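As a plain string of letters, each chain reads:
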Amino acid sequence: MAADLWSHPIRAWGFPDGSTERGLSSNGELRDRLTNGTFQINPADDHSPFIGKGYSGGPVWDDALGGVVGIVVQAQAQLNVAACLPAAARRGSASDRTH
């Protein structure tokens, strides 16, 4: 995931308390890369539910690119912000373990 993804619309899926068997979708926008290598996700608007407890490990779908760009690794409800680990970083980690 590159820095040129600023403001890309994303959707994340999770299973917060009381959700259905199929989970719930939350909308957001990608922002800056954080010092720990993750990318910040901000809410898309004030009306849709945002990423919170129960979304960790779920996919982050980039609507503009039409594919998964990462996985949710953190959500801070009190700050209305979340973070995702870029898919490229995840692939690198897996290949490191197999060699």
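See the structure shown above.
Every value quoted in this text rests on a predicted model; they were computed, and no experiment measured them.

### Here we look at the overall build of the protein chain
Looking only at helices and strands, one finds one helix and six strands in the protein chain. Start at the N end of the protein chain and walk to the C end: the helices and strands fall as β-β-β-β-β-β-α. In the protein chain, buried positions account for 31% of the 99 residues. For the protein chain, the proportion of contacts with a sequence separation of at least 24, taken over those separated by at least 6, is 45%. Of the roughly 6000 Å² of accessible surface on the protein chain, 51% is carried by carbon and sulfur atoms.

### Some details on the pairing of strand S3 (residues 39–43)
As paired strands, strand S2 (residues 24–33) and S3 are joined by four bridges and run antiparallel to one another. Bridging from a neighbouring strand, Leu30 pairs with Ile41 of S3. Hairpin connection between S2 and S3: a loop of five residues separates the two successive antiparallel strands, and Gly37 in this loop has a positive phi of roughly 95°. Where S3 meets strand S6 (residues 81–86), three bridges bridge the pair, whose relative direction is antiparallel. Opposite Ile41, over in S6, you have Ala82 as the bridge partner.

### Here's the deal with unusual backbone geometry
Even without glycine at this site, Ser7 takes up a positive phi of about 70°. Among the secondary structure elements, Ser7 is positioned in the segment before strand S1 (9–14). Here Ser7 falls in the partly exposed class, since its relative accessible area comes to 31%. Located in the positive-phi region is Asn80, a residue other than glycine, with phi close to 55°. Within the fold, Asn80 resides in the loop between strand S5 (67–76) and S6. Its relative accessible area of 39% is what places Asn80 among the partly exposed residues.

### As for the packing of aromatic side chains
Counted according to the given criterion, the structure contains zero aromatic pairs. The ring of Trp6 carries Arg31 above its face, with NZ or CZ at 4.6 Å from the centroid.

### A look at the sheet that holds S2
Taken together, six strands build a closed barrel; the order of strands is S1-S2-S3-S6-S5-S4 and the barrel is antiparallel. The average undirected angle you get between the axes of adjacent strands in this sheet is 45°. In this structure, S5 lies alongside S6, joined through six bridges in antiparallel fashion. In the strand pairing of S6, Gly70 is matched with Pro86.

Calculation notes
Residues numbered from 1 in each chain as written. Predicted model: local features only at pLDDT ≥ 70, side-chain atom pairs only at ≥ 80, totals over all residues. Heavy atoms only, no water. Helix = DSSP H or I, 4+ residues; strand = E, 2+ residues; numbered from the N terminus. Buried < 20%, exposed > 50% of the residue type's maximum accessible area, 1.4 Å probe, protein only. Contact = heavy atoms within 4.5 Å. Areas by Shrake-Rupley, 256 points an atom, 1.4 Å probe, with all protein chains shown as cover. Pairing = 2+ DSSP bridges. Phe/Tyr/Trp six-rings, centres within 6.5 Å; stacked < 30°, edge-to-face > 60°. Lys NZ or Arg CZ within 6 Å of the ring centre and 35° of its normal. Axes fitted to C-alpha atoms, helices over the stretch in contact; angles between N-to-C directions.

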